[in-house]
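What follows is the residue order along each chain.
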Amino acid sequence: MLADLSPLIAATAQWLTRAYPASGGALAAALCEVQARQAVTVAAWVRYPTPMDAALVGMAGPGGSQRLDWITGVDAGGGEDPDGDAWRTWVDEVVASWAACLLIDPELAGLAVAALAEGGRATGGPAEFRRLLAPGVDDRQAAALLRHPDLLAPVAELHQEPLLDRLGPGRALIA
């Protein structure tokens with residue numbers, strides 16, 4: 001069984017960076033990708049806090065990007081190369097929504113990273129998620145679209161309430 005969320009994290013981060021691309025060249029693209037991956041990683045770990053949760057999503061699959069593509073108007077390739085778009089089946093809509101919430105709300109991102117540490121998730125602390133929690137000027141410029149509250153709102157609002165409930169006071173990530 002797959003107890004690793006890396007395919008889900010990679011696909012969802014890729015979807016975010018394609019939907020909200022960087023502008024400014026290769027360095028900007030790399031900085032944007034790192035921020036997307038950090039946000040998706042935190043969101044995925046919050047959504048699937050136990051190895052059993054990760055194994056279950058690995059078996060059942062996360063659902064794919066169809067609804068996200070429709071909401072954002074992202075062209076999914078039109079089926080020209082079904083194998084080339086196979087990664088889209090590993091996109092998790094809830095994780096993408098939660099990552100969008102974290103990208104536009106630094107305080108919520110801090111709560112999520114703190115919840116991971118409290119829930120026993122081994123992280124390198126805030127330093128591991130520095131570009132998510134405290135992006136520099138270059139990070140913000142590179143990910144201007146990825147962090148734009150108005151642009152991310154349709155995705156963030158999809159599943160924002162369950163994230164707020166999960167991170168609310170007195171809530172534990174691992175039941």
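Provided above is the structure to which this section pertains.
All of the points below concern the structure found in this document. This structure is a prediction, so every number in the text was calculated from the model and none was measured.

Reading the values: rules and limits
Here, residues in each chain are numbered from 1, in the same order as that chain's written sequence. Only residues with pLDDT of at least 70 get local features here, since the model is predicted, and only at 80 or more are side-chain atom pairs given and counted; chain-wide, interface and lining totals rely on the full set of residues. By convention in this description, side-chain values take in all heavy atoms of the structure and omit both hydrogens and water. One speaks of a salt bridge when a side-chain nitrogen belonging to Lys or Arg is within 4 Å of a carboxyl oxygen belonging to Asp or Glu. Going along the chain from the N terminus, every DSSP run of H or I of four or more residues is numbered as a helix, and every run of E of two or more is numbered as a strand. The definition of a nonpolar core used throughout is a set of buried Ala, Val, Leu, Ile, Met, Phe, Trp, Tyr and Cys residues joined through side-chain atoms within 4.5 Å. Each residue is assigned to one of three classes by its accessible area relative to the maximum for its type, calculated with a 1.4 Å probe on protein chains only: buried under 20%, partly exposed between the two thresholds, exposed over 50%. By the convention used here, residues are in contact when the closest approach between their heavy atoms is within 4.5 Å.

**As for the pattern of salt bridges**
Alright, step 1. In this structure the tally under the stated criterion is four salt bridges.
Alright, step 2. Arg 67 serves as the salt-bridge partner of Glu 93, at 2.7 Å between the closest nitrogen and oxygen. Here the residue Glu 93 occupies a position in helix α5 (residues 93-104), and Arg 67 occupies one in helix α4 (residues 66-72), the gap between them amounting to 26 residues.
Alright, step 3. The partner of Arg 88 in a salt bridge is Asp 85, and the shortest N-O contact between them spans 3.9 Å.
Alright, step 4. Salt bridges sharing common partners tie together Asp 69, Asp 85 and Arg 88.

**Remarks on the nonpolar core**
Alright, step 1. Core analysis: the largest hydrophobic core is formed by 48 residues, its most contacted members being Trp 15, Val 42 and Leu 102.
Alright, step 2. Contributing elements (two or more residues each) for this core: α1 (6-19), α2 (26-47), α3 (51-60), α5, α6 (106-118), α9 (149-156) and α10 (160-167).
Alright, step 3. In this structure, Leu 102 is in contact with Ala 39, Val 42, Ala 43, Leu 108, Ala 109, Ala 112, Leu 132 and Leu 163, ignoring residues within four places of it in sequence.

**Let's talk about the environment of Pro 7**
Alright, step 1. Here Pro 7 is to be found in helix α1.
Alright, step 2. Residue Pro 7 is classed as partly exposed on the basis of its relative accessible area, which comes to 31%.

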